[in-house]
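# Observations on chain architecture
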Amino acid sequence: MRGKRKYPTVPGIFIRIAAVAISAALVLSYISTFIKPSSSGIIHFFGLFFIPFLLTSAIIEILLIISRSRLLWVPLIAMIPSLFYVNLFFRPGKGSTATGKTEDEISLLSYNIGMLSSSESNLTRSQCLDSINSFIREMDFDIVCLQEFYSEDPENAENDFPEYEYSKKHMFRMKKNGHGFGNIILSRYPITGSGVISFDRSTNLSIYADILIGKDTIRVYDNHLESYNISFTSMVKKSVNSEKLASELTEMTEKMQKSFSRRTSQVDTIVNNAQNSRYPSFVCGDFNDTPMSYTYRKLKEGRKDSFREAGTGFSATYSQFWPMLRIDYILVPENATVTMHTTERNGFSDHYPIHIKFKI
C-alpha cells in the first residue's frame with residue numbers, strides 16, 4: 001500500500017519560493033558587473049546587494065538541506081560563481097601590523113575624510129583635522145590621496161600638511177562662507193605634471209599627479225565618484241507610514257538610477273584619460289560602488305586590486321555598514337608589487353583609510 005503523499009507546509013512553500021528568488025537575484029548580481037549601467041540600470045541594484053544575497057542564499061541552503069528538499073541544488077548552483085568574487089570582500093589571514101618599510105617600498109594612503117565632519121566620536125572639524133594629521137605623521141606615508149577634504153582657506157589647503165613638499169589639489173568654494181572642499185594629493189616625491197577631471201553638474205571629481213620616483217614616473221588618480229545620495233535613516237523613520245515609505249522608495253530608486261548613470265560617465269572619462277597617459281596609473285579613492293559593479297570592473301582593467309594582492313580579513317571601508325560595504329580602493333599597475341594592504345578602523349570619518357606598500 002502506498003503511503004500518503006506529503007504536501008509542503010506553508011513555511012516549506014515560502015522557503016522554496018525564497019530559494020528560487022534569492023538564487024535569481026544572486027545570478028543577476030554576477031551579471032551586473034558586465035553590463036553598462038547606462039544601458040540597464042535596474043540590474044545594478046542586484047550587484048549592490050551581493051553580500052546580503054549571498055548570506056541569505058547560504059541560510060536558505062542550510063534550511064533546504066535540513067528539510068531534505070529537492071530544491072537544495074538551486075541555491076547551491078547559484079552560489080558556486082561566488083567563489084570567484086568572495087575574495088573581493090574577505091581574504092583569510094592575519095593582517096600586517098608592521099609600520100616600517102624597506103628602501104624600495106613606497107607607501108600610499110587613500111582616505112575620504114568626510115569634510116572633517118563625520119567622525120564616529122563627534123569631533124569638531126579642528127579636532128578631526130588634528131587627529132588625521134597625527135595619523136598621517138605617525139604612519140609617514142610617501143603619497144597621500146584625500147577626498148572630501150575641507151579647508152577654511154581653500155587657496156592654501158596644502159599648508160595643513162607642511163611635511164609634504166609637493167601637492168596637487170582642487171577645491172570647490174562654498175557660497176556661504178568661502179570655505180572649500182575637494183581632493184588633494186600630497187607627495188614626498190616631485191610632482192612633474194598634474195590635472196583635474198571635472199564632471200558635468202557635479203562637485204565630485206578626479207585629480208591626478210605625475211610623480212617622479214627615482215627614474216620612474218607614475219600617475220596617481222585621486223577619485224571621488226558620484227554617491228547615491230540616499231538616507232537609510234530617513235527610510236527607517238518613514239517605514240511606519242506605508243505611503244511615506246512608498247514615496248521614499250520611489251525617490252531612492254530614481255536617485256540610484258541617476259547615480260548609476262552619472263558614475264558610468266565619470267568612470268569612462270577617467271579610463272580614457274589614463275589610456276592616453278604614457279605613465280603607469282594608480283587609481284584610488286572613493287568609488288561609491290562595490291566590487292560587484294561596472295565601476296570597479298572598468299577601472300580595474302589592466303590593474304591589480306591591492307586588497308586581493310595583499311589584504312586580509314574584511315575589505316569593507318564604510319563604517320556605517322561594516323563589514324558589508326567596500327567602496328574605497330587602491331588599484332595598482334600590473335608591473336607594481338603590493339607588499340601590504342591595510343584598512344585602518346580609526347573612526348575619524350565615516351570611511352576607513354586604506355594604505356598600501358608597493359614596489360615598482
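Predicted model only: the values in this text are computed from it and were never measured. (Residues numbered from 1 in each chain as written. Predicted model: local features only at pLDDT ≥ 70, side-chain atom pairs only at ≥ 80, totals over all residues. Heavy atoms only, no water.)

### Considerations on the overall build of the protein
Each helix and strand in the protein was counted, giving nine helices and 14 strands. The buried share of the protein, reckoned over its 360 residues, is 49%. Of the contacts made within the protein by residues no fewer than 6 positions apart, 69% connect residues no fewer than 24 positions apart. For the protein, the accessible surface area stands at approximately 18100 Å², while carbon and sulfur atoms represent 55% of it. (Helix = DSSP H or I, 4+ residues; strand = E, 2+ residues; numbered from the N terminus. Buried < 20%, exposed > 50% of the residue type's maximum accessible area, 1.4 Å probe, protein only. Contact = heavy atoms within 4.5 Å. Areas by Shrake-Rupley, 256 points an atom, 1.4 Å probe, with all protein chains shown as cover.)

### Quick look at the side chain of Asn204
Note on placement: Asn204 falls in the loop between strand 6 (191-198) and strand 7 (205-213). Engagement of the side chain of Asn204 in a polar contact is seen with the backbone oxygen of Leu225, the distance being 2.9 Å. Dropping the residues within four chain positions of it, Asn204 is found in contact with Phe199, His224, Leu225, Glu226, Ser227 and Gln266. (Polar contact = N/O pair within 3.5 Å; in protein donor to acceptor, adjacent residues only side chain to side chain.)

### Some remarks on unusual backbone geometry
You will see that Arg201, though not glycine, has its phi angle at about 55°, which is positive. By relative accessible area, Arg201 is classed as exposed at 63%. Despite not being glycine, Asn288 shows a phi value in the positive range, around 55°. The class for Asn288 is buried, based on a relative accessible area of 9%.

### So, the packing of aromatic side chains
By the definition in use, this model includes 15 aromatic pairs. The rings of Tyr30, Phe50, Tyr85 and Phe89 are connected pair by pair, giving a single aromatic cluster. Over the face of the ring belonging to Tyr150 we find Arg125, whose NZ or CZ atom lies 3.7 Å from the ring centre. Above the plane of the ring of Tyr164 lies Arg188, whose end atom (NZ or CZ) is 4.4 Å from the centre. (Phe/Tyr/Trp six-rings, centres within 6.5 Å; stacked < 30°, edge-to-face > 60°. Lys NZ or Arg CZ within 6 Å of the ring centre and 35° of its normal.)

### Let's talk about the confidence of the model for the protein
Low pLDDT means the predicted atomic positions in that stretch should not be read closely. Averaged over every residue, the pLDDT of the protein is 86; residues scoring 70 or more account for 87%. Of the regions scoring below 50 in pLDDT, residues 231-240 engages in 11 contacts with residues more than four places distant in sequence or in other chains. (pLDDT = per-residue confidence, 0-100.)

### Let's talk about the environment of Phe34
Topologically, Phe34 is positioned in the loop between helix 1 (10-32) and helix 2 (44-48). Residues Phe34 and Tyr294 lie 260 residues apart in sequence; the distance between their C-alpha atoms is 6.3 Å. For Phe34, the contacting residues outside a window of four places in its chain are Tyr85 and Arg297.

### Concerning the sheet that holds strand 12 (residues 328-333)
Within the open sheet, the six strands sit side by side as 6-7-8-9-12-10. Their pairing is mixed. Each having just a single partner strand, strand 6 and strand 10 (303-305) make up the two edges of the open sheet. The sheet shows a mean angle of 20° between the axes of neighbouring strands, taken without regard to direction. Direction of pairing for strand 7 relative to strand 8 (residues 216-224): antiparallel, over a ladder of nine bridges. (Pairing = 2+ DSSP bridges. Axes fitted to C-alpha atoms, helices over the stretch in contact; angles between N-to-C directions.)

### Some points on the pattern of salt bridges
By the definition in use, this model includes 13 salt bridges. In this structure, Asp210 and Arg219 form a salt bridge, with 2.6 Å as the shortest nitrogen-oxygen distance. With respect to burial, Asp210 and Arg219 carry one shared label: buried. Ionic pairing is found between Glu301 and Lys298, a salt bridge with its closest N-O pair at 3.8 Å. Residue Lys298 is classed as partly exposed on the basis of its relative accessible area, which comes to 23%. A single salt-bridge network, built from bridges that share partners, covers Arg297, Lys298 and Glu301. (Salt bridge = Lys/Arg side-chain N within 4 Å of Asp/Glu carboxyl O.)

### Here's the deal with the sheet that holds strand 4 (residues 166-173)
Spatial strand order, 4-5-3-2-14-13: six strands in an open sheet with mixed pairing. Single-partner strands in this sheet number two, and they are strand 4 and strand 13 (337-343). The mean angle between the axes of side-by-side strands here comes to 15°, regardless of whether they run parallel or antiparallel. Bridge count for strand 4 against strand 5 (residues 180-187) is eight bridges, and the pairing is antiparallel. In the sheet register, Ser167 faces strand 5, and the bridge partner there is Leu186.

### A look at helix 3 (residues 50-66)
Taking 1.5 Å of rise per residue, the 17 residues of helix 3 would be expected to cover 24 Å, and the 25 Å separating its terminal C-alpha atoms lies within 8% of that figure. Taken together, the buried positions of helix 3 are occupied by Phe50, Ile51, Phe53, Leu54, Ser57, Ile60, Glu61 and Leu64. A positive backbone phi angle near 55° is found at Arg68, which sits one or two residues after helix 3. (Expected span 1.5 Å × (residues − 1).)

### As for the nonpolar core
Ranked by internal contacts, the top residues of the largest apolar core, which has 46 residues, are Ile136 and Phe149. If near-sequence neighbours (up to four positions away) are discounted, Phe149 is found in contact with Ile113, Leu129, Ala157, Asp160, Phe161, Met171, Gly180, Phe181, Gly182 and Ile184. (Core = buried A, V, L, I, M, F, W, Y, C linked by side-chain atoms within 4.5 Å.)

### Focus on helix 5 (residues 125-139)
With 15 residues, helix 5 should reach 21 Å at 1.5 Å per residue; the first-to-last C-alpha distance of 21 Å fits that figure. Contacts made by the buried residues of helix 5 are with strand 2 (106-112), strand 3 (143-151) and strand 14 (354-359).

### Describing the pairing of strand 6
As defined by bridge partners, strand 6 adjoins strand 7 across seven bridges and the pair is classed as antiparallel. Paired with Ser198 across the two strands is Leu205, which belongs to strand 7.

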